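# Fold and geometry: a report
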Amino acid sequence: MLSFLTSRLLQSLLVLLTASLITFTLVFLLPADPARMVAGPGASVQTVNSIRHEMGLDKPFLGQYGAYLGRLVQGDLGRSYKQGSSVSSLMASRIWPTLQLMLGAIALELLIGLPLGIWAALQKGRWPDTFVMGLAFLGAAAPQFWLALSLVYLLAYRFALFPLGGYGGLSHLFLPALTLGIGGAGWYARMMRSQLLEVLNQDYIRTARAKGQTARLVLLRHALRNAALPIVTMIGLDIGTFMGGVVVVESVFGWPGLGRLVWDAIRVIDIPIIVGVVIFSAVIITLANLLADFVQPLIDPRVRYR
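As a starting point, this report considers the structure included with it. (Residues numbered from 1 in each chain as written. Predicted model: local features only at pLDDT ≥ 70, side-chain atom pairs only at ≥ 80, totals over all residues. Heavy atoms only, no water.)

### Description of the overall build of the protein
Within the protein one finds 14 helices and 0 strands. Reading the secondary structure of the protein in the N-to-C direction produces α-α-α-α-α-α-α-α-α-α-α-α-α-α. The principal-axis extent of the C-alpha atoms belonging to the protein is close to 85 × 60 × 30 Å. Among the 306 residues that make up the protein, the fraction classed as buried is 42%. Sequence separation of 24 or more characterises 72% of the internal contacts of the protein that already satisfy a separation of 6 or more. Total accessible area computed for the protein in this model is approximately 16,500 Å², and 67% of it derives from carbon and sulfur atoms. (Helix = DSSP H or I, 4+ residues; strand = E, 2+ residues; numbered from the N terminus. Buried < 20%, exposed > 50% of the residue type's maximum accessible area, 1.4 Å probe, protein only. Contact = heavy atoms within 4.5 Å. Areas by Shrake-Rupley, 256 points an atom, 1.4 Å probe, with all protein chains shown as cover.)

As structure tokens, this is what we get:
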């Protein structure tokens, strides 16, 4: 297990380093002058050059990237060009709303998608199977922007069941979480159906049935346990995606998460915030994948650390 842990940690560090290099390269190539943004449109050339020197923007690419990595390993993500505050503090204030949205979205994905996928697998070739797979396709294919606006119109404006937007209690959380949950539920339903159908055709399932175990016991004790392995991996990916911020959903509902923060930063080309959120997202995705790798052997003892 120690060798597995060491290997995965080294791979994770390489992924994070690559992500930081690609992100920094892309923002370095942007046709924007952060020094001019900080100085203001009416600043003189001498002032802009002085600010550029203070920010280290007059160094070559490798010098800027090396300096950024040096600050990054110390936990310093820099300061926002537009707001002047540290990127770490700005992100810290948005993590809790993003975490709430992530938990709500994943809960709804699983509550909607897994039962539908199980039902479709048990009704293979019948009308419930076709119906569920049709819904799953529509849910997965529906654009988040259209789905969010549709839910706002129907459930918030038309019937006034939920607030139109904003941040607050569970009533504010439900619609953005449902928007993400509907799309994710389609993928979970399709994955659960395909995995369950594959598991139900295995020899040990037929052996369990031959021993006289009921269909429900075979499903709960044997089939679902083994079919859940890819689901764990998908949950890990969703954790990383949602914790990195969901720009469209957060913008539509006015949700003050990391997605809204990075969207506001993109509009004014606030590079430290953009890079900081991308690095944070890469870290969360990497940690979520590591967690999924460690959880899988607990679900199925046949899976070994290697």
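### A few points about the nonpolar core
Counting residues in hydrophobic clusters, the biggest one holds 42 residues, and the most contacted among them are Met91, Leu180, Phe242, Leu261 and Ile273. In contact with Leu180, other than residues within four places in its own chain, are Leu101, Ala105, Glu109, Gln144, Phe242, Val246 and Val249. In this structure, Leu114, Ile118, Ala121 and Val218 belong to the second largest nonpolar core, which totals 18 residues. (Core = buried A, V, L, I, M, F, W, Y, C linked by side-chain atoms within 4.5 Å.)

### Side note on the environment of Leu90
Relative to the elements of secondary structure, Leu90 occurs in helix α5 (residues 87-122). For Leu90 and Leu261, which are 171 residues apart along the polypeptide, the C-alpha to C-alpha distance reads 8.3 Å. Apart from the residues lying within four places of it in its own chain, the contact partners of Leu90 are Ser80, Gln83, Ser85, Leu261 and Ile273.

### Some details on α5
What sets the pattern is the α-helix's 3.6 residues per turn: residues three or four places apart point alike. For α5, spanning 36 residues, the distance from its first C-alpha to its last is 50 Å, which sits close to the expected 52 Å at 1.5 Å a residue. Along α5, the helix axis deviates most sharply at Ile95, where the bend reaches about 35°; the proline Pro97 sits within four residues downstream. (Expected span 1.5 Å × (residues − 1). Bend = angle between axes of the 7 residues up to and from the residue.)

### Some details on unusual backbone geometry
The residue Ala160 is not glycine, and still its phi comes out positive at about 50°. Relative to the assigned elements, Ala160 resides in the loop between α7 (144-158) and α8 (170-200).

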